[in-house]
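Tertiary structure, described
For reference, the chains in residue letters:
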Amino acid sequence: MTNLVRFIALHSYKGGTGKTILSLNLTEAFRKRGRNVCLFDFDFRAPSQHVWFDTTGAEYWLNDFLDGKCSIMQALINVQDNPTGSYGKLMVGLANPSTEAIRDINLKDRRWEMRALGRLLSVRNFLQDNGFDLLIIDASPGLLYSSINAVVSSDVALVAATPETSDLQGTIRMIHELYDLFSKKTALIFNRLIGVEILKIPGMKKDKSDGLLFNGLRVLAVVPCFCDVQRAGRGYVMVRERPNHPFTRIVEEMAASIDPQSRPAEKTQDAKLMQLYRDIFVKKTMGIHISDEER
Ligand SMILES: Nc1ncnc2c1ncn2[C@@H]1O[C@H](COP(=O)(O)OP(=O)(O)OP(=O)(O)O)[C@@H](O)[C@H]1O
Ligand SMILES: [Mg+2]
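Here goes a summary of the coordinates provided. Residue numbers here run from 1 along each chain, matching the order of that chain's written sequence. All chains are assigned letters beginning at A, and all ligands numbers beginning at 1, according to the order in which they are written. Owing to the predicted nature of the model, reporting of local features is limited to residues with pLDDT of at least 70; listing and counting of side-chain atom pairs is limited to 80 or more, with chain, interface and lining totals taken over all residues.

A word on the nonpolar core. Ile8, Ala9, Leu135, Ile136, Ile137 and Leu158 are the most contacted members of the largest nonpolar core, which totals 75 residues. Two residues qualify as a contact pair if the distance between their C-beta atoms, derived from the backbone, is within 7 Å. Not counting residues within four places of it along the chain, the set of residues in contact with Ile8 comprises Leu134, Ile136, Ile137, Ser154, Val156, Leu158 and Ile258. Residues enter a nonpolar core if they are buried, belong to Ala, Val, Leu, Ile, Met, Phe, Trp, Tyr or Cys, and are joined to the set through C-beta atoms within 7 Å. Residues are called buried when their C-beta atom has 20 or more other C-beta atoms within 10 Å, exposed when it has 12 or fewer, and partly exposed otherwise; all C-beta atoms are positioned from the backbone.

Laid out in structure tokens, this is it:
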């Protein structure tokens with residue numbers, strides 16, 4: 001039986017909410033469960049995952065793949081870290097951290113972004129053919145085109161938020177404007193909590209089975225601020241290095257709850273339809289008239 005590949009996007013309204021740390025740790029948690037995982041640094045404006053992996057010998061970056069300069073295979077690094085047990089495979093696609101590449105990506109127009117979306121969607125077939133189960137996409141914060149591409153291509157979108165008022169307000173707005181439009185399977189992760197009573201956050205309540213809902217949206221996890229997480233550096237992923245740490249347990253619970261094997265993957269999404277949705281979203285946010293046909 002062929003495997004079904006699921007795309008999971010880690011997104012947020014504001015920066016610094018924990019997307020990168022959560023992506024890396026969720027990747028390890030899924031590998032621990034035997035899943036073959038591909039991880040993308042999709043934060044082309046502020047790449048960060050290159051510091052976690054050995055990029056020696058890497059000729060191409062994810063930027064080159066999206067630009068049509070190389071195949072996805074050439075843009076991926078096969079991470080051979082020889083973990084024990086029945087860990088799944090890991091391949092990473094990294095964003096080019098050079099100043100030139102960051103400048104270059106800032107100059108890309110809408111047409112380029114549309115082609116980039118098509119390329120991103122095409123990765124599903126490659127992963128499927130190569131026995132991968134999951135693609136985890138660490139997106140840029142906010143509503144950049146690349147983030148929207150990550151969200152629209154995903155089967156599950158995880159939004160990391162902190163309890164800070166401006167983040168909460170922005171997150172609610174973003175979810176209603178962007179996520180509702182795409183009818184995404186979305187869940188929130190409240191991260192870096194210090195001394196906050198979760199139920200006192202406005203808009204938060206318990207559902208019937210004692211889970212949390214924030215403005216009607218499922219809360220997948222509530223993660224306290226841990227000094228150990230802050231200290232973790234290159235190659236030091238909590239789920240691997242600190243198996244009994246509470247942070248690890250929370251991440252592993254998250255992975256169990258979105259375990260792909262228990263859910264069938266959605267149909268491959270159509271790039272043109274996604275582009276249309278995205279244009280409507282951009283028009284909506286900019287107050288531009290939406291035609292009856294688009295409606
Ligand atoms: N639960 C946590 N406890 C303590 N520190 C955390 C926790 N989660 C994340 N951090 C720390 O917060 C900082 C920001 O995390 P991270 O880089 O993962 O956020 P990000 O959302 O990817 O940021 P950006 O939007 O800039 O890409 C890092 O120093 C990270 O170690
Ligand atoms: Mg990041």
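Below, the discussion takes up the site of ligand 1. If you check the shell around ligand 1, you find 20 residues, and the closest are Gly15, Gly18, Lys19, Thr20 and Ile21. With three residues, the top contributor of residues to the shell around ligand 1 is helix H1 (residues 19-32). To decide whether a residue is near a molecule or strand, its C-beta atom is placed from the backbone and checked for lying within 6 Å of it. Note on conventions: DSSP H or I runs of at least 4 residues are helices, E runs of at least 2 residues are strands, and numbering of each starts at the N terminus.

Of all the nine residues making up helix H6 (residues 145-153), eight are buried; the element is thus mostly covered by neighbouring parts of the structure. Turning to H6, its buried residues number three or more, namely Ser146, Ser147, Ile148, Asn149, Ala150, Val151, Val152 and Ser153.

As a further point, take the pairing of strand S5 (residues 134-139). With six of six residues buried, S5 lies mostly within the body of the structure. One bridge is not enough; two strands pair if DSSP finds at least two bridges between them. Here six bridges tie strand S2 (residues 37-42) to S5, and the two strands are oriented parallel to one another. Residue pairing for S5: Leu39 is matched across the bridge by Ile136.

Moving on: the pairing of strand S7 (residues 185-193). In this sheet, S7 lies alongside strand S6 (residues 156-161) in parallel orientation, the contact comprising six bridges. Within S7, the residue paired with Val156 across the bridge is Lys185. For the handedness criterion, the β-α-β arrangement of S6, helix H7 (residues 165-182) and S7 is classed as right-handed. Across four bridges, the pairing between S7 and strand S10 (residues 217-224) is parallel. Paired with Phe190 across the strands is Val222, a residue of S10. With its strands directed away from the observer, a crossover is right-handed exactly when the path from the first strand over the helix to the second travels clockwise.

In this model, H1 (14 residues) spans 20 Å end to end at C-alpha, consistent with the 20 Å of a helix rising 1.5 Å per residue. Within H1, 14 of the 14 residues are buried, which leaves it mostly tucked inside the rest of the structure. Phi for Gly34, located one or two positions after H1, is positive at around 90°. Under the convention used throughout, the expected extent of a helix is 1.5 Å for every residue step, that is, one less than its residue count.

A few words on the environment of Pro202. Summarising the element assignment, Pro202 is placed in the loop between S7 and strand S8 (204-206). As a C-alpha pair, Pro202 and Asn215 span 13 residues in sequence and 8.6 Å in three-dimensional space.

Within the secondary structure, Ser23 is located in helix H1. For Ser23, a count of 27 C-beta atoms within 10 Å translates into the label buried. The sequence separation of Ser23 and Ile8 amounts to 15 residues, and the corresponding C-alpha distance is 9.3 Å. Setting aside residues up to four positions removed in sequence, Ser23 forms contacts with Leu10, Leu39, Ile136 and Asp138.

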